[in-house]
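# Residue-level structure breakdown
Read off the chains here:
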Amino acid sequence: MRIIAGQRRGHTIDGPKATSALRPTSDLVREALFNMVGPMMPGRTAVDLFAGTGAIGLEALSRGADAAILVEKNREAVALIHGNVARLRYQDRAQVRLADAYRWVRTHEWDGAQPVAVFLDPPYREYDDHVPKIRSLLDQLVERLPAESLIALEAGRTLDDRILPDFDAWDVRRYGDTQVAVLVFPGPDEEPADA
């Protein structure tokens with residue numbers, strides 16, 4: 001695996017072991033996602049929920065995010081993320097949290113003054129087994145994130161209004177078997193898109 005663009009472009013990071021249950025975002029999907037949101041990284045904190053290898057949060061740092069919070073509940077994956085953070089020398093800008101993403105979002109206090117970029121790549125089985133949990137997580141983020149924040153979600157299935165709140169406000173794109181959805185919040189003086 002490698003960092004695609006920015007300050008650490010071309011640097012490699014470790015991927016999961018062959019026996020791991022982790023499914024890292026492909027380089028193609030990561031590149032497509034950051035073609036959409038990469039220019040918005042400076043001035044934001046990137047929050048990588050279900051971080052896995054940390055590739056998304058580390059890509060955001062490489063592209064100018066001020067800081068990154070990488071949230072992962074699997075201890076083996078957290079060790080892998082720590083190694084990747086050290087390899088790219090981002091210890092001063094990255095925080096790794098051993099936590100369940102659903103619980104972490106419920107309890108995290110967002111700084112209302114600084115926009116964030118929240119990336120979610122839950123295990124694809126979550127879309128089969130826990131659609132209400134994913135929807136609740138997204139509802140909480142939409143309700144609580146500061147103005148000018150963004151949410152980017154990856155799924156291995158068709159994304160619809162059962163999963164995405166205010167479905168028409170999302171930019172949804174397909175890359176092979178993967179769908180990516182991005183929602184950018186209006187600024188404090190902007191009218192919401194549906195107003």
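Everything below is about the structure printed above this text.
First, a word on what this report is: a plain description of the structure on this page. (Residues numbered from 1 in each chain as written. Predicted model: local features only at pLDDT ≥ 70, side-chain atom pairs only at ≥ 80, totals over all residues. Heavy atoms only, no water.)

## Points about the packing of aromatic side chains
Let me state the cut-off plainly: Aromatic contacts are taken between Phe, Tyr and Trp rings whose centres are within 6.5 Å, Trp giving its six-membered ring; a plane angle under 30 degrees counts as stacked, one over 60 as edge-to-face, and the others as tilted. Going along the chain from the N terminus, every DSSP run of H or I of four or more residues is numbered as a helix, and every run of E of two or more is numbered as a strand. Think of it in three bands: residues with accessible area under 20% of the maximum for their type are buried, residues over 50% are exposed, and the middle band is partly exposed, with areas taken using a 1.4 Å probe on protein chains only.
In the structure shown here, the tally under the stated rule is three aromatic pairs. Where Phe50 meets Tyr102, the ring centres are 5.5 Å apart and the plane angle is 75 degrees; that geometry is what we call edge-to-face. In this pair, Phe50 sits in the loop between strand S1 (45-49) and helix H2 (55-62) while Tyr102 sits in helix H4 (residues 101-107), placing the two residues 52 residues apart along the sequence. On the basis of relative accessible area, Tyr102 is assigned to the buried category, the value being 7%.

## Comments concerning the side chain of Ser62
The following threshold applies: Any pair of N or O atoms that falls within 3.5 Å is considered a polar contact. Within protein, one atom must be able to donate a hydrogen and the other to accept it, and sequence-neighbouring residues count only if both atoms are side-chain atoms. Residue contacts are defined here by distance: any two heavy atoms, one from each residue, within 4.5 Å place the two residues in contact.
Along the chain, the position of Ser62 falls in helix H2. What makes Ser62 buried here is its relative accessible area of 4%. At a separation of 2.7 Å, a polar atom in the side chain of Ser62 contacts the main-chain carbonyl oxygen of Ala5. Ignoring anything within four residues of it in the chain, the contact list for Ser62 reads Ile3, Ala5, Gly6, Gln7, Arg8, Arg9 and Tyr90.

## Regarding the sheet that holds strand S3 (residues 94-98)
Backbone hydrogen bonds hold the strands of a sheet together, and the pairing may be parallel or antiparallel. To be explicit about the condition: Paired strands, in this sense, are two strands between which DSSP finds at least two bridges. Axis lines are fitted to C-alpha atoms, over the contacting stretch for helices. Their N-to-C directions set the angle, which ranges from 0 to 180 degrees.
Reading across the sheet, the seven strands line up as S3-S2-S1-S4-S5-S7-S6 and stay open at both edges, with mixed pairing between neighbours. Here the strands that pair on one side only, and so sit at the sheet edges, are S3 and strand S6 (171-175). Strand-to-strand twist across the sheet, computed as the mean angle between neighbouring axes with direction ignored, equals 15 degrees. Note that strand S2 (residues 67-72) and S3 share five bridges and pair parallel.

Take it as geometry only, folks, not as evidence of what the structure does.
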